[in-house]
Amino acid sequence: MIRVVLVGIEGAYNLGVISRTCVNFEVDELYLVNPSASIKEALMYSAKGKSFLEKAVVVDSLDEALKGIDASVATSAQGYSPGDVLRQAIDIETFTSQIAPRIGKLALVFGRESTGLTREELSKTDFLVSIPGNPEYPVLNVSQAVAIFLWELWKIRGKQPSNIASPAPREEIESLIALVTNISSAIIATPEKARRIGLVWKRVLHRARPTAYEARVLKYWLYRVKGKLSAD
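Keep in mind it's a predicted model, so treat the numbers as computed, not measured.

Enquirer: With reference to specific residues and values, describe helix α9 (residues 191-208).
Expert: Across its 18 residues, α9 extends 26 Å between first and last C-alpha, which sits within 8% of the 26 Å expected from 1.5 Å per residue. Every buried residue of α9 is accounted for by Ala194, Gly198 and Leu205. Mapping the buried residues of α9 onto a view down its axis gives an arc of 40°, with all of them on the same face. Exposed and facing more than 90 degrees away from the buried side of α9 are Arg196, Arg203 and Arg207. Lining the buried residues of α9 we find α8 (170-187) and α10 (212-231). Looking one or two places after α9, you find Arg209, whose phi comes out positive at around 45°.

Set out below in structure tokens:
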């Protein structure tokens, strides 16, 4: 379960975009701690996230926003400062790949656009994560930080998105390789050369990772080539 916690969100546009992003990546809950932004105005920018934003829980303190959570993680562009126990961040990939999968109910805590999170607020969270960027200007807009964090978490949840084609199964690739091998044997007299060409096709096809549809089109074309050779 993922809960996004926005502390003192100031911009209505950012709040609307974040709500939309939460829906994009199937966030379960949105908590707003003392928001300065107008929720009514933010609804105009939330698109399909409107109903999600309308269900947002508004609370007076970060303590309230973290109730019922197994672990919480704060984000900060200032992730590291020598000698500062609060500024010893881990990178986002380490957190999402090694730590997040072990957490049942996770809260992602984001600070104000202008000043971020206070030291007291940082101390209330269990982890500090920083998103690597240009060392000369690593500060992200809060809506960008939310989107990147949710995308990284989405990748480890193992869900197949509907807007990306499914790759062809291995047996379909093997079927294409068998057709290529058959055609190579028919047009190349030397068995060893035919075998080597078949190996190249095998490596290329596996490396290319064609979609299921692309594999069907290739199979159709290979059958036509095989039929033409047989006719001749």
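Enquirer: Tell me about the pattern of salt bridges, residues and numbers included.
Expert: Counted by the stated rule, this structure contains eight salt bridges. Close ionic contact of Arg112 with Glu121 constitutes a salt bridge, the shortest N to O distance being 2.7 Å. Among the residues examined, Arg112 registers a relative accessible area of 21% and is labelled partly exposed. A salt bridge links Glu172 to Lys219, with the nearest nitrogen and oxygen atoms 3.1 Å apart. One end of the pair, Glu172, is in helix α8; the other, Lys219, is in helix α10, and 47 residues separate them in sequence. Residue classification places Glu172 among the buried positions, given a relative accessible area of 19%. Each of Asp63, Glu120 and Lys124 takes part in salt bridges that share partners, so that together they form one network.

So, how was this worked out
Every residue gets a number counted from 1 within its own chain, in the order that chain's sequence is written. Residues qualify for local features only when their pLDDT is at least 70, as the model is predicted, and side-chain atom pairs are given and counted only at 80 or more; totals for whole chains, interfaces and linings, by contrast, use all residues. To obtain the side-chain values, all non-hydrogen atoms of the structure were used and water was disregarded. Runs of H or I in DSSP of at least four residues are treated as helices and runs of E of at least two as strands, each being numbered from the N terminus. The span you would expect from a helix comes to 1.5 Å times its residue count less one. Each residue is placed in one exposure class: buried if its accessible area under a 1.4 Å probe, protein chains only, is under 20% of its type's maximum, exposed if it is over 50%, and partly exposed if it falls in between. As used here, the arc is the angular range of directions from the helix axis to the C-beta atoms. Throughout, a residue-residue contact means that at least one pair of heavy atoms, one from each residue, lies within 4.5 Å. A pair is scored as a salt bridge if a Lys or Arg side-chain nitrogen falls within 4 Å of a carboxyl oxygen belonging to Asp or Glu.

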